[in-house]
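The lines below spell out each chain.
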Amino acid sequence: MRVALVCKDKPQSLHIRQENRPAHLEHIRSTGVVEMAGPFLNEAGEMCGSLVILEVETLDQARDWAAADPYAKAGLFESVQITEWKKVIG
């Protein structure tokens, strides 16, 4: 199943994102379940959240992946929405 993670950063937390970005990217690479991912940008063009599409067997696996993300461990996110997603186009 595909699962979408929509993560919104806490205000004034760009430094947390930048400091933890290498570990976050390694988490994406090493786990092998990320189909696509990228940051949301605010009006100033700064990263302010993330969209991550996972290919996993269960929602619990997606929750575990999200909890292990270095961004989450660093307290970057104000909110994380985890929802099953169906790819239709693309």
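Residues numbered from 1 in each chain as written. Predicted model: local features only at pLDDT ≥ 70, side-chain atom pairs only at ≥ 80, totals over all residues. Heavy atoms only, no water.

*Asks:* I'd love a proper account of the overall build of the protein, names of residues and values included.
*Replies:* The helix and strand inventory of the protein stands at three helices and four strands. Element order for the protein, N to C, with α for helix and β for strand: β-α-β-β-α-α-β. Since a compact globule built from 90 residues should have a radius of gyration of about 12 Å, the 13 Å found for the protein is in line with a globular shape. Each of the 90 residues in the protein was classed as buried or not, and the buried ones make up 31%. Expressed as a percentage of contacts within the protein between residues at least 6 apart in sequence, the contacts between residues at least 24 apart total 68%. In the form shown here, the protein has an accessible surface area of approximately 5,600 Å², with 53% of it arising from carbon and sulfur atoms. Considering the protein, the positive charge centre built from 10 side chains and the negative charge centre built from 13 side chains are found 2 Å apart. (Helix = DSSP H or I, 4+ residues; strand = E, 2+ residues; numbered from the N terminus. Rg over C-alpha atoms; globule rule 2.2 N^0.38 Å. Buried < 20%, exposed > 50% of the residue type's maximum accessible area, 1.4 Å probe, protein only. Contact = heavy atoms within 4.5 Å. Areas by Shrake-Rupley, 256 points an atom, 1.4 Å probe, with all protein chains shown as cover. Lys, Arg positive; Asp, Glu negative; His and termini not counted. Charge placed at Lys NZ, Arg CZ, Asp CG, Glu CD.)

*Asks:* Could you give an account of unusual backbone geometry, naming the residues involved and the relevant values?
*Replies:* Positive phi values are uncommon outside glycine, yet Gln12 reaches one of about 60°. A relative accessible area of 74% places Gln12 in the exposed class.

*Asks:* Go over the UniProt feature "domain: YCII-related" (unreviewed entry) in the protein, please, and point to the residues and values.
*Replies:* Feature annotation in UniProt places "domain: YCII-related" (unreviewed entry) on residues 1-86, given in this structure's numbering. Helix makes up 37% of residues 1-86 and strand 40%, with an end-to-end C-alpha separation of 8 Å. (UniProt positions renumbered as here; feature names shortened; annotations may be inferred.)

*Asks:* Can you break down the pairing of strand E2 (residues 34-41) residue by residue, with the values?
*Replies:* Across seven bridges, E2 lies against strand E3 (residues 47-55) in antiparallel orientation. Paired with Pro39 across the two strands is Ser50, which belongs to E3. Between E2 and E3, which follow one another and run antiparallel, lie five residues, and Gly45 among them has a positive phi close to 80°. (Pairing = 2+ DSSP bridges.)

*Asks:* Let's hear about the nonpolar core: which residues, and what values?
*Replies:* Leu5, Val34, Val52, Leu54 and Trp65 are the most contacted members of the largest nonpolar core, which totals 15 residues. Of all the secondary-structure elements, those providing two or more residues to this core are strand E1 (2-9), helix H1 (14-31), E3 and helix H2 (59-68). The residues contacting Val52, other than those within four sequence positions of it, are Val3, Ala4, Leu5, Val34, Met36, Ala37 and Trp65. (Core = buried A, V, L, I, M, F, W, Y, C linked by side-chain atoms within 4.5 Å.)

*Asks:* Provide a residue-level description of the sheet that holds E1, including the pertinent values.
*Replies:* Taking strand neighbours across the sheet as the criterion, the four strands line up as E2-E3-E1-E4 in an open arrangement whose pairing is antiparallel. Strand pairing shows two members of the sheet lacking a second neighbour, E2 and strand E4 (77-85), which therefore form its edges. Direction aside, neighbouring strands of the sheet carry axes that sit 15° apart on average. In terms of strand pairing, E1 meets E4 through eight bridges, oriented antiparallel. What sits directly across from Lys8, in E4, is Ser79. Against the sheet, H1 contacts E1, E2, E3 and E4, and its axis sits at roughly 10° relative to E3. The sheet strands contacting H2 are E1, E2, E3 and E4, and the helix crosses E4 at an angle near 155°. (Axes fitted to C-alpha atoms, helices over the stretch in contact; angles between N-to-C directions.)

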